[in-house]
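Fold and geometry: a report
Here is how the chains run, residue by residue.
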Amino acid sequence: MSKTHVTTTINGTRTEFLCEANETLLTVLRDRLHLTGAKEGCGSGDCGACSVTLNGRLVASCLVLGVEAEGAEITTVEGMAEGGELHPLQQKFLDLAALQCGVCTPGILVAAKALLEKNPDPSEQEVRYWLAGNLCRCTGYDKIIKAVLAAAADLRGAA
Amino acid sequence: MALDEYEKRDFQVIGSRPVRPDGIDKVTGRALYGADAVLPGMLVGKVLRSPHPHARIRSIDTRAAAALNGVRAVVTGADFGEIRKGETRNVAENAMAFDHALYDGHAVAAVAATSEAVAREALKLIEVDYEVLPHVTEIAAAMAPGAPVVHAGFVEDSVPDGFSENVTARHEFGHGDLEAGFARADKVIARTLKTAATHQGYIEPNACLASMGPDGRGDLWCCTQGHYFVRQLCAEIMGIEESRLRVTASEIGGGFGGKTTVFVEPVALMLSKKAGAPVKLVMSRNEVFRASGPTVSSEIDVKIGMTRDGRITAAEAELRYQGGAFPNITVMFGAMAAFAAYDLGAVRTVGYNVLTNRPKQAAYRAPGAPMAIYAVESVVNELCEELGLDPLEVRLKNAARKGTKSSYGPTFNDIGLVATLEAAQAHPHYRAPLGPNQGRGLSCGFWFNFGGNTSVSLSVDMDGSVSVTEGNPDIGGSRASIAMMAAEELGIPFERVRAIVADTASLGHNDVTDGSRVTFAVGLATIKAARAAKKELCKRAAMMWGIDEEAVTWENGCAKPSGPNAGSFEPLPIEKIARKSPRTGGPIAGHHEVNAEGAGVSFGVHLCDVEVDPETGHTKILRYTIFQDAGKAIHPDYVEGQMQGGAVQGIGWALNEEYIYGKDGRLQNPGFLDYRIPVASDLPDIDTVILEIPNPGHPYGVRGVGETGIVPPLAAVSNAVSHAIGTRLYELPMSPPKILKAIREG
Ligand code: FES
Ligand code: FES
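Here the structure is a predicted model, which is why all the values come from computation and not from measurement.

Contacts between the two partners involve 51 residues from chain B, matched on the other side by 44 residues from chain A. Of the roughly 3800 Å² buried between chain B and chain A, counting both surfaces, carbon and sulfur atoms make up 57%. A per-residue breakdown of the area chain B buries against chain A is headed by Val27(B), Ile203(B) and Ala680(B), which together make up 18% of the total. Viewed at the interface, chain A and chain B are joined by six salt bridges. Put simply, the parts of the chain that give the side of chain B that touches chain A at least two residues each are helix H1 (23-28) and helix H19 (636-655) of chain B. It is H19(B) that provides the largest number of residues to the side of chain B that touches chain A, a total of nine residues. Across the side of chain B that touches chain A, the residue classes tally to 27 nonpolar, 15 polar and nine charged.

Below, the structure is given as C-alpha cells:
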C-alpha cells in the first residue's frame, strides 16, 4: 500500500508524517510519532481515552483518519502544560486526587479543556454530560467532576 | 505475633493528602502503560480466535500464513505442547486452545509480523478445521444431567453423584442447628436470586511486549497486578527457570482483579521465541470482553428465618456460580462471605462451581462476594418489609462483632461493622425525605482482605533522601501511601521519599496486588524496613559521637542522645548521618521480608436513593453515601477513591452491566457501546464516611479498603428500587425492561 504524506501542526509544532490511507490518527500519534499520551481503550469511539482536539474541536482520534490531519491543528495531552507550567486542570487533578490508574486522564483532561474553552462556567450537570463520553472505571467520577469545577473557578479567577 | 502490631500514636504525615508521586506523569501523558513501550525490531502480534462456543480442532493449517511476506512466526496450541498440570495448565490452555475451542473468542492461533496490516492478513490465511460441538452457557442448563460436557476431568471428590460433569466442586460452611433455628422463626422467606456475569472493565486493554533471547533468557513488559506471578506462570509455560525471565510491570490502566493472571503474555513470549525478535501484543476491546476474564454469573437460593422483633434465627444458602470453561474457587469465597455480616447461631452455605462455554473467569474486586451478599441482603430486607421492621435496626441487632463466630469459621477480632451501621443511622441521609417514585436502600458489605508474601527494600541515599523499592504494581495510589508510611516512620517530609515498583529481578518475591493487600502488607514491610534503617542510623550516630548505640534514639528525622550516660550532643539529622556513612561502615539501608498475616476483615454499609421512571423503567441514582472502616486511612483521598470507584462498579452491575449470550453461544455485546458501564452523567456525587477502627495486625492500624466497596451496591440499589416501585426484583441487572415488567406485574 502506498503511503500519504501529511503536514500538520501538533501541539504548536509543524509535523510531517507518512501514513496509510486506513490508519487512524490515534495510530499515527502513538505508533508513528510516539505521542503515547492518547490511549486506545476501545478503538470504536466509545471510551474517550483517545480524545484530542482537531482544529479546536474535540474528537475521538480513533475515529479520525491520519490523512484527515492534513493542514490541521491538533492538540494532545502532551501540549497542555506550557513551558513546564501545568494547566490548571492538570494541577487540580493532582491536588484533588482525580485519578487512580490514570489511563483515562489524558482523554478527560483534553475533553475538559475543550469544555472550559466553550463554557468557562459550567454547572456540575453540564460537566457530567460533557464528560459522558469519557469512561473512567476507577474513580466513580466524583473527584474528576470536582476537579474540573475547581479548575474552571481557578481559570475564571485568573482571567 | 501478627495480631499485636498496632500501637496508638499521633501522626505527622499519615492522614494528610499530598500529591501522589506518579501523578505528574499521568496528567502530562508521560506515564508508560502496557501498550506504550517499544523496542527496536519489534513485531506486532495478533491472535486468531474461535467463532464457535465449543468445537474440536481437527487441524490447523498455517502454511499460507507463515509464507506471507512479513510474517515472522506463527504459533498454535501445538507449541504449548506437553504442559504440566494444575492451574498453570489451565492458564496455558486458556491462552491458546490445545485441541478444543471452549468458548467464543478462545485463542486458536497467533502470528507475529512486521506490521499490523500484515498480521491481520496472515490471520485470514490460517485455516482451522473445526468439528462444532454442542455448547452450554447458562448455569441451570450446564448443571442438568445430560448437559454437553464442557471440559472433562475436573470433577472433585466433594461433588456428590447425580450431577453433570460440569459441576466440578462443592464447598460447605456453617455451624448450628438449622432446623431448630427455622422452627423458632416467626417468618421464613426463601428466594432464588440471579446475577449476570460482568467484566472488570478496566479502560486499558491487556497489553505486553515480550522479548525472548536465543539463550533462553527473556524480558517481559506488561500491565499486570502481579509481575512475580506473571513470571511464575510464564516461566512454567515456557519451560524455563523463573530467574531467566525478568518481568517489568508497566503503569497499569485499571485491573480490579482482572489483571491478576495472564492471557496474551505467554503467547507473546512464544511468538518472540520463534521469531527471534521482540513482539508486542495488545488486545482489542472486543478481545478483552470475549477472552479475558469476566467474573462469574450466579444463581443463589437463600432462606432466612426471623423473629417478630428482628432476630435472625437461621440462615442458609445454596450458591451456583459459573466461571467459564475452567474450574475456579470463586463460589467458595461467595459461600464464605454470604452471611459474614451476621452473628448467627445456625447458618449453612453450600457452593457449586459449574463449567460453561464461556471465557475463564478472573478475579473481580471481592470475587464471589457481591452476588452472595446481594442475595442475602435482598432477603433480609424483604423480611424487614414483611415484619414492618427498620432494616438498619435489624442489621444492628444481628451484626457480627468482636467475638462473633463467623459463618465461615474464624472468630472475629476488632471489626468495624457496628460502628459503620451506627454511622449510617446517625447520618442525615438516612432520614432525608423522599419524593414520589423514589426509594431508599441499604446493604452491608464485607471482604476478607489478605496479607501475603512481601519484600521491601529501603535505602537512605547519600544526601539523606530515601528510596523505597517495592514489588507491587500501583493500581490506585499505593506508591503515595507507601512513601507516606516511610516518611512517617523516619520522621522526614513526604517529599524526601520516593517509592518505586521494581522488576522481578530487583527485589524478592511479592504476591499479586490483590486481596486489598498492598497498603496493609507492603505498608507493614515498609514500616519494618524503615525501623531497620533507623536502627542503623542510630548506630552510625553513636559511632560519630563515640557513645553507646543504646544511648541513641530517633526523633523527627534526627538521631538524639538519650538516657543518663548519653552526654549532650546536638541532634544529628538523617542527611548528616548519610553523608558520613562512607566513614561509618558504608551505605545505610533497611529491608523487610514477610508473609503478612493479620490483614483484618473489612465491613462497609451503603445507603442509596433512587428514582424510578414509571414510564420507562429507568433508574436514576439520586444520592449515595458510603460508610466504610479503613482501620487507618493513610491517604484519605485514595481511600475515598477506592470506595467511590467500587461503589460505581457495583451500581453498574446492579443496573446495566451484563454478558449477553445468544442461542449460538456467542457473546452479543463485546464492546463499551452495548456493555454499558456507568458514565459521569449517570451519577450523583458519591459521598464517603471513613471510619477508623484500628486493625490490630498493622502498626498503624491499616485495613485494606479496595474491595469491600463493590459489595453493597448490588443490594443497596435493588432494595432502593423495590422501595420505589413497591415490588421486588430478584435478578440483576435491573435494566429498564425488567423494571417495567415488574411494575406491570406488581
Ligand atoms: S479509543 Fe477512541 S474512543 Fe475509545
Ligand atoms: S483513573 Fe483509571 S480509568 Fe479513570
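So much for the structure itself; the text now carries on.
Okay, the domain arrangement of chain A next. All names here are of chain A. In terms of domains, chain A is made up of domain 1 (3-79) and domain 2 (88-156). At the junction of the two partners, domain 1 supplies 12 residues and domain 2 supplies 12 residues. Counting each side, the surface lost to burial between domain 1 and domain 2 is near 910 Å², with a carbon and sulfur contribution of 67%. For the interface between domain 1 and domain 2, the tally reads zero salt bridges. Our enumeration of links across domain 1 and domain 2 arrives at four residue pairs in polar contact (both at pLDDT 80 or more). When the residues that make up the side of domain 1 that touches domain 2 are grouped by side-chain class, the tally is five nonpolar, five polar and two charged.

A word on the domain arrangement of chain B. Think of interface size as the accessible area that goes away when the parts come together; that is how it is often given. All names here are of chain B. Segmenting chain B into domains produces domain 1 (421-445 + 600-746) and domain 2 (451-595). A C-alpha centroid distance of 40 Å is found between domain 1 and domain 2. Counting residues at the interface gives 14 residues for domain 1 and 15 residues for domain 2. Between domain 1 and domain 2 lies a buried interface of about 1200 Å² when both sides are counted; carbon and sulfur atoms form 67% of it. Counting the surface domain 1 buries against domain 2, the share from its top three residues, Ile634, Pro699 and Tyr700, is 41%. Remark: the boundary between domain 1 and domain 2 carries zero salt bridges. Here domain 1 is connected to domain 2 by three residue pairs in polar contact (both at pLDDT 80 or more).

Before going further, it helps to examine the pairing of strand S16 (residues 438-447) of chain B. Put simply, side chains in a regular strand alternate between the two faces of the sheet. All names here are of chain B. For S16, the buried fraction is high: 10 of the 10 residues fall into the buried class. The side-chain alternation of S16 yields two buried faces, one formed by Gln438, Arg440, Leu442, Cys444 and Phe446 and the other by Gly439, Gly441, Ser443, Gly445 and Trp447. Of the strand pairs in this sheet, S16 and strand S24 (residues 602-612) are connected by 10 bridges, and their pairing is antiparallel. The residue of S24 that forms the bridge with glycine 439 is valine 610.

Now for the sheet that holds strand S21 (residues 558-561) of chain B. Residue and element names in this part refer to chain B. Read from one edge to the other, the open sheet built from three strands follows the order S20-S21-S22, with strand pairing classed as antiparallel. Strands with a single pairing partner mark the edges of an open sheet, and in this sheet they are strand S20 (552-555) and strand S22 (572-573). Strands in contact with helix H16 (residues 518-545) are S20, S21 and S22; relative to S20, the strand with the most contacts, it is inclined by about 125°.

Turning our eyes to something else, we now look at the sheet that holds strand S18 (residues 466-470) of chain B. All names here are of chain B. Spatially, the four strands line up as an open sheet ordered S19-S18-S17-S23, and their pairing is mixed. The open sheet has two free edges, formed respectively by strand S19 (497-501) and strand S23 (588-596), since each of these has just one partner strand. Ignoring strand direction, the axes of neighbouring strands in this sheet form an average angle of 15°. Bridge analysis of strand S17 (residues 452-460) against S18 gives five bridges, and the strand direction is antiparallel. Opposite valine 460, over in S18, you have valine 466 as the bridge partner.

It is worth spelling out the packing of helix H7 (residues 227-238) of chain B against helix H8 (residues 265-275) of chain B at this point. All names here are of chain B. Where H7 contacts H8, the two axes come as close as 10 Å, and the packing angle between them is 45°. Here H8 runs oblique to H7, going by the angle between their axes. At the point where H7 passes H8, the crossing takes the right-handed sense. Judged by residue contacts, Cys234, Ile237 and Met238 of H7 engage Glu265, Pro266, Leu269, Met270 and Lys273 from H8. Residue composition of the contact of H7 with H8, by class: six nonpolar, no polar and two charged.

Calculation notes
- Residues numbered from 1 in each chain as written.
- Chains lettered and ligands numbered in written order.
- Predicted model: local features only at pLDDT ≥ 70, side-chain atom pairs only at ≥ 80, totals over all residues.
- Heavy atoms only, no water.
- Contact = heavy atoms within 4.5 Å.
- Buried area = accessible area lost by both parts, 1.4 Å probe.
- Salt bridge = Lys/Arg side-chain N within 4 Å of Asp/Glu carboxyl O.
- Helix = DSSP H or I, 4+ residues; strand = E, 2+ residues; numbered from the N terminus.
- Nonpolar A, V, L, I, M, F, W, Y, C, P; charged D, E, K, R; others polar.
- Domains from an automatic or database assignment.
- Polar contact = N/O pair within 3.5 Å; in protein donor to acceptor, adjacent residues only side chain to side chain.
- Buried < 20%, exposed > 50% of the residue type's maximum accessible area, 1.4 Å probe, protein only.
- Pairing = 2+ DSSP bridges.
- Axes fitted to C-alpha atoms, helices over the stretch in contact; angles between N-to-C directions.
- Parallel < 35°, antiparallel > 145°, perpendicular 65-115°, else oblique.
- Left-handed = near helix turned anticlockwise from the far one by under 90°.

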